[in-house]
Amino acid sequence: MAGLWRELLLESLLGYVSWSLCHGLGPMIYYFPLQTLELTGLEGFGIAFLSPIFLILTPFWKLANKRWMLILLRLITVGSVASFQASNARVRLVVLALGVSSSLIVQAVTWWTGSGLQRFLRIWGFILGQILLLVLRIWYTSLNPIWSYQMSNRVILTLSTVATLDRICTDGDGNKPEGKRAGEAAKGTASRPAWWLAGAAFGSLVFLTHWIFGEVSLVSRWAVSGHPHPGPDPNPFGGAVLLGLASGLMLSTCPWFPGSGLIWWVTGAASAAGLLYLPTWAAAVSGCVLALFTASMWPQVLAHLISSGSGPGKAMTIAMIFYLLEIFFCAWCTAFKFVPGGVYARERSDVLLGAVMLIIGLNMLFSPKKSLDFLQTKNSPKVLFRKSEKYMKLFLWLLVGVGLLGLGLRHKAYENKLGKGAPATEVSAAIWPFRFGYDNEGWSSLERSAQLLNQTGADFITILESDASKPYIGNNDLTMWLGEKLGFYTDFGPSTRDHTWGIMVLSRYPIVKSEHHLLPSPEGEIAPAITLTVSIADKLLDFVVTHFGNHEDDLDRKLQAIAVSKLLKSSSNQVIFLGYITSAPGSRDYVQLTEHGNVKDIDSTDQDRWCEYIMYRGLIRLGYARISHAGLSDSEIQMAKFRIPDDPINYRDNQKVVTDQRKVPKEIRFNPRFGSYKEGHHYENNHHFHMSTPKYFL
């Protein structure tokens, strides 16, 4: 039976590649409008998902079934993994789109043709490929290794090429449409599912899995709240999500499981509503139940899709149309300010989730009960099917065990890193708009960002535009990744379900409490803010961090400045403000913050600012620096250093400005790795002080 193990492992690896291509195309498309804040036309590459439409035409279906064409399509699919090695983002997008197109046609051909056992293993390989994806992302701290590191990309490309060559050799000339014979052997046309409903359900299920279960930390980020009760941490709670998905797959194979019953659908719909509306732990538990429901649907929905009797072209095309509509609607829910018709999709994830659950429910209730066992015909060796199912379950739990081990090892390593900051009376704070972990050329910037942030020596960092847990940005938990990499305490907020672009907080010192806020945003994108209290050397220091809306939305900025000034005013006597406020120094919003929020600008003489500001109250300013982005983002890092006075009422702030670091005590100097004082912009491709900084205050 070693042959069955081999088949299952190879198909699971190829299933992982298919899922990775699907997950990888969205972020590459999104990169281009991210640069311009408007649609670019390259969104049209999403049409790659509609390649099965060609299979509706009989000549194309016959062509795709020819051995040489299937070989070519398989090679294009696996070759597109090398898109990560492309010279620029546009080339990578084109190659990736070709890979997605080829992958979907290969799936259509191989799921609908071949022996029943072959098809059974291919389909289960696709399902297990999703579990393999989750497990690999656990070991790579939320990142998909195929799109994150050159070495892992090469290794996966090599392994998947070997698997593809093996499939090419075993495909033979046997890709005859046995699926049609199996369909003709069905118990009459009446027992077949409606092809359009089966296709819609499959596309919606792919989207639901990608949206909420594309990474095991996502449920935690939907359920997150402020400290000290933030809800479950993604590590180790991600293990519960993984167990929920695995248990759902196991349930689907039980003959007594009422997978097509109304009660089970109501359970799934209620869990979806709970994840969307309930607080913290209640939402997280709902997410686990939804994981159970979602995974249990996979074999049933795929069985409906394959047995619908329409042929793969129509069913797969409908599936991908629904998937595309849903993922674009998902993007429109948050990016409504920058897209046509966005006003109708603004913050309507409830409509999207409800529609997805309704489509899956209609397929459950109005299609005949079916499992992948229908692929077993009278002439099929039953013992091989039973053995295959047994091996599938063993491999599933092996993957789960490896995933749980990865979470455990990471959790222990992270706990050992925390709290290493020595108590100090000086504190340094930094702000940086992050662009979701992608540099200006479209490549992952996380490793370089971690190195840069570590070199700043900042004790408290707020990173804006950091919620990459959305499917079209990559399903990456950047907060968890940077927190574990740097050994910092973290706060992620507001929740992913609140439709903001996210704020990440990294703190060397424990976060005592925090609260997430949605600022008034009647016209533009939803503006987030977080208020925090951090314990530094047994002293409590408040922080207020925020990201205002666009400059064009004047009313929004006015209301947001008023709201944040109230947050500042209600903070303690000692507070640091780190904000992106899209207004010039001395403007209405700037004055609202400084006068009504009762804070001082770290350097009121710096008139060449537009978005990033650092303000404070009850502290002694020591230094101020601006560090060039060097293409790692589109914005610089701003930093400030403060001393916490023993008496927050009777103290004297520093007024003398010094730019020669030789006249400054070593303990308050910024890292000389960024050079020395420099006037004007630094345009070279390295990180350097610029814009008349660093400045020290004595």
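Keep in mind it's a predicted model, so treat the numbers as computed, not measured.

Undergrad: Whenever I open this one, helix α12 (residues 280-306) confuses me. Can you help?
TA: Side chains of residues three or four places apart in an α-helix project in the same direction, reflecting 3.6 residues per turn. Look at α12: 39 Å from first C-alpha to last across 27 residues, which is about the 39 Å you get at 1.5 Å a residue. Maximal helix bending in α12 amounts to about 35 degrees, located at W298; proline P299 follows within four positions. Counting buried residues in α12 gives 22 out of 27 residues, a clear majority hidden from the surface.

Undergrad: It is not clear to me how the confidence of the model for the protein should be interpreted in this structure. Could you clarify?
TA: Interpreting fine coordinate detail is not advised for predicted regions of low pLDDT. For the protein, per-residue confidence averages 93 on the pLDDT scale, and 96% of positions sit at 70 or higher. Looking at the elements of the protein, mean pLDDT is at its lowest for helix α7 (residues 178-184), recorded as 42, and at its highest for strand β10 (residues 612-617), recorded as 98. Low pLDDT, under 50, characterises residues 177-190; the stretch is placed with 15 contacts to residues that sit more than four places away or in other chains.

Undergrad: Could you clarify how one ought to interpret the side chain of Q592 in this entry?
TA: With respect to the secondary-structure elements, Q592 resides in helix α20 (residues 588-596). In this structure the side chain of Q592 is engaged in a polar contact, spanning 3.0 Å, whose partner is the side chain of S565. Among all residues touching Q592, those that are not within four sequence positions of it are A561, I562, S565 and G597.

Undergrad: So what exactly am I meant to see when it comes to the sheet that holds strand β2 (residues 460-464) here?
TA: Two modes of strand pairing occur in sheets, parallel and antiparallel, and in both the strands are linked by backbone hydrogen bonds. Read across the sheet, 8 strands follow the order β3-β4-β2-β1-β12-β11-β14-β13 without closing on themselves; strand pairing throughout is mixed. Pairing within the sheet leaves two strands with one partner each, and these edge strands are β3 (489-493) and β13 (657-658).

Undergrad: Explain the sheet that holds strand β7 (residues 539-547) here, please?
TA: Taking strand neighbours across the sheet as the criterion, the 6 strands line up as β5-β6-β7-β8-β10-β9 in an open arrangement whose pairing is mixed. Edge strands, defined here as strands with exactly one partner in the open sheet, are β5 (511-519) and β9 (600-601). Here β7 pairs with strand β8 (residues 575-580) via 6 bridges, running parallel. From the neighbouring strand, F543 faces β8, where its bridge partner is I576. Each of β5, β6 (527-536), β7, β8 and β10 is contacted by helix α19 (residues 554-570), which is oriented at about 160 degrees to β5, the strand it contacts most. Its contacts with the sheet put α20 on β8, β9 and β10, and the angle it makes with β10 is roughly 15 degrees.

Conventions we followed
Residues numbered from 1 in each chain as written. Predicted model: local features only at pLDDT ≥ 70, side-chain atom pairs only at ≥ 80, totals over all residues. Heavy atoms only, no water. Helix = DSSP H or I, 4+ residues; strand = E, 2+ residues; numbered from the N terminus. Expected span 1.5 Å × (residues − 1). Bend = angle between axes of the 7 residues up to and from the residue. Buried < 20%, exposed > 50% of the residue type's maximum accessible area, 1.4 Å probe, protein only. pLDDT = per-residue confidence, 0-100. Contact = heavy atoms within 4.5 Å. Polar contact = N/O pair within 3.5 Å; in protein donor to acceptor, adjacent residues only side chain to side chain. Pairing = 2+ DSSP bridges. Axes fitted to C-alpha atoms, helices over the stretch in contact; angles between N-to-C directions.

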